[in-house]
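Each chain, written out:
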Amino acid sequence: MKEHFTMLTDPRFCLSNGVTQRFGMGPMPKTVRLNREGFAVDAGIKKKTLVYPYMHLATHPAPGKGDLFSPIYGVVTDITERSVFVDAVEPDEELKKLGASVEKLDLLSREERGEELVPVLKGLGVNTKSLGQKCETLIVNCLNPDPGVTWAEPMLLSHTKTFALGMEMLRRLSPAKRIVLAIPSNMKFRHRDVDIARVPYHYPASVNALVIKSVTGKEKPEGVGIVGIHNVWSLGRVALTGYPLVETVITIGSLIHNGNYIVRDGSTIGELIDFANIELQPGDTVVRGGPLRGESLDKLDRSITKGASGLFIVESGTIPPMEGHSPCVACGSCSAICPARLRPDMLSRYAEFGLHDRCYDEYITSCLECGLCGYVCIARRPVLQYIRLAKEKLGLKLLKTAGVYAERVRQGE
Ligand code: SF4
Ligand code: SF4
């Protein structure tokens, strides 16, 4: 990976913003759309079921994937393959009684550690896949993931109790012998019994693979894992409240607004934009996630799920829009900026014409999905989107091949 990036001095790519205000609470949603892809919905949950905060709704078969809970008092209005829809209702006495009957779990007084703790956290809605990864050294990536996202510094410096509890739970969960906090090199911070590594703080330095390189000096070193500070916040949140995780922290940003909020799982984009007093204009683009790595949305009824980093409005005219079929003019800018030393021009062309195997030969799996190639593209090609599409197609192909292989093994061939 490259040591230096041409954008290191561009202030728009600075990931250390000096923001330390505590998070505000987001709106109480009128409607939520909960992602249930891969989850088995509980037997009693169907259309018209009344639900209350922290009520268990669905379970995922993966041990490291947290269960799904209702974030509000409401009524289930629809259940599809991908989502559970809930409309808020004013609870009657009976529903209030059910809401009040949810018991707090005192996580800190429990004995479980390591793998024994995984099902407990799963039952509290926490995803533990990256938190419990097997490694000797675990790095906590404490940088804001994308330019414009500003929650990492207050997560570390202002919500100190949640962070300390998150770290306590991480020590109990992780098999790592050493935990290292990777923080921006210009930040003053100490945390007891934890090593600190100071790393560059201009994008793309926050991308996990580049943080690992900065901390260890090596690309893909053995025995090193990495987890985001957002995941540590989730651990701290359930340890602090004693209730299942039904919230996430996001930055809501536009030209006139930037704030960090604790928002309920499944809050819709439209309600959050209204809450932030942002008036959408024709031609504005709504992005879920960070401005460089996020996905643009065409419908305001889409929602924020646990782990989302932000919601951004890219105002019309501020950045030229992507052109789906715009041809590459071979300017070379994307290859010059790519921190993974790839040829994004070739990757996007192969993907465009369905030549996914050639993408594989061009090391598409080494792409860090930083989004810089699309940002610098003067032809405004959706380079990252093409790359993600090719990765998805290759992944499906591998799964299919593995399925055929498994079937042959099963049949004793
Ligand atoms: S997103 Fe583009 S610039 Fe970033 S690593 Fe992948 S190919 Fe390279
Ligand atoms: S930046 Fe865009 S136009 Fe230039 S080589 Fe890359 S894909 Fe082609």
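Procedures and definitions
Residues numbered from 1 in each chain as written. Chains lettered and ligands numbered in written order. Predicted model: local features only at pLDDT ≥ 70, side-chain atom pairs only at ≥ 80, totals over all residues. Heavy atoms only, no water. Pairing = 2+ DSSP bridges. Helix = DSSP H or I, 4+ residues; strand = E, 2+ residues; numbered from the N terminus. Buried < 20%, exposed > 50% of the residue type's maximum accessible area, 1.4 Å probe, protein only. Near = heavy atom within 4 Å. Nonpolar A, V, L, I, M, F, W, Y, C, P; charged D, E, K, R; others polar. Contact = heavy atoms within 4.5 Å. Axes fitted to C-alpha atoms, helices over the stretch in contact; angles between N-to-C directions. Parallel < 35°, antiparallel > 145°, perpendicular 65-115°, else oblique. Polar contact = N/O pair within 3.5 Å; in protein donor to acceptor, adjacent residues only side chain to side chain.

Q: So what's going on with the sheet that holds strand S2 (residues 31–35)? Residues and values would help.
A: The strand order across the open sheet built from 4 strands is S2-S8-S7-S4, with neighbouring strands paired in antiparallel fashion. The open sheet has two edge strands, S2 and strand S4 (50–51), and neither has a second partner. As paired strands, S4 and strand S7 (residues 74–79) are joined by 2 bridges and run antiparallel to one another. Each bridged residue has a counterpart across the sheet, and for Leu50 the counterpart in S7 is Val75.

Q: Talk me through unusual backbone geometry; I want residue IDs and the actual numbers.
A: A cis amide bond links Tyr203 with the next residue in sequence, Pro204, at an omega value of 10 degrees. One non-glycine residue, Lys220, lies in the positive phi region at around 50 degrees. Residue placement: Lys220 occurs in the loop between helix H5 (208–216) and strand S12 (224–228). Within the chain, Arg380 stands out as a residue other than glycine whose phi angle is a positive 55 degrees. Its place among the elements puts Arg380 in the loop between helix H11 (372–376) and helix H12 (383–410). Residue classification places Arg380 among the buried positions, given a relative accessible area of 12%.

Q: Can you lay out the site of ligand 2 for me, pointing to particular residues and giving the numbers?
A: Around ligand 2, a shell composed of Cys328, Val329, Ala330, Cys331, Gly332, Cys334, Asp345, Cys377, Ala379 and Arg381 is seen. The residue inventory of the shell around ligand 2, partitioned by class, reads 7 nonpolar, 1 polar and 2 charged.

Q: Can you lay out the site of ligand 1 for me, pointing to particular residues and giving the numbers?
A: Every residue lining ligand 1 is accounted for by Cys338, Pro339, Ala340, Pro344, Cys367, Leu368, Glu369, Cys370, Gly371, Cys373, Leu384 and Ile387. For the shell around ligand 1, the residue count by class is 10 nonpolar, 1 polar and 1 charged.

Q: Could you give an account of the sheet that holds strand S16 (residues 295–297), naming the residues involved and the relevant values?
A: Spatially, S1-S14-S13-S17-S15-S16 is the arrangement adopted by the 6 strands of the open sheet, whose pairing is mixed. Across the chains shown, the open sheet's two edge strands, defined by having one partner strand only, are strand S1 (24–25) and S16. Alignment of strand S13 (residues 247–253) against strand S14 (residues 258–264), held across 7 bridges, turns out to be antiparallel. Bridging from a neighbouring strand, Glu247 pairs with Arg264 of S14. Each of S13 and S14 touches helix H6 (residues 229–241); the most contacted strand, S13, lies at about 135 degrees to it.

Q: Can you explain the packing of helix H4 (residues 160–173) against H6? Please cite residues and give values.
A: For the pair H4 and H6, the least separation of the axes is 7 Å and the interaxial angle reads 95 degrees. By the angle class used here, H4 and H6 are roughly perpendicular. Residues Lys161, Thr162, Phe163, Leu165, Gly166, Met167, Met169 and Leu170 of H4 form the contact with H6, whose own contacting residues are Ile229, Val232, Trp233, Leu235, Gly236, Arg237, Ala239 and Leu240. Classifying every residue of the contact of H4 with H6 by side-chain character gives 11 nonpolar, 3 polar and 2 charged.

Q: Describe in detail the environment of Asp67, supporting the description with residues and values.
A: Along the chain, Asp67 turns up in the loop between strand S5 (56–59) and strand S6 (68–69). Owing to a relative accessible area of 8%, Asp67 belongs among the buried residues under this scheme. Spatially, the C-alpha atoms of Asp67 and Thr49 are 18 Å apart, while their sequence positions differ by 18 residues. What Asp67 contacts, discounting residues up to four positions off in sequence, is Phe39, His56, Ala58, Thr59, His60, Lys122, Gly123, Gly125 and Lys306. Polar contacts involving the side chain of Asp67 include one to the side chain of His56, which spans 2.9 Å.

Honestly, it's all geometry; don't read function into it.
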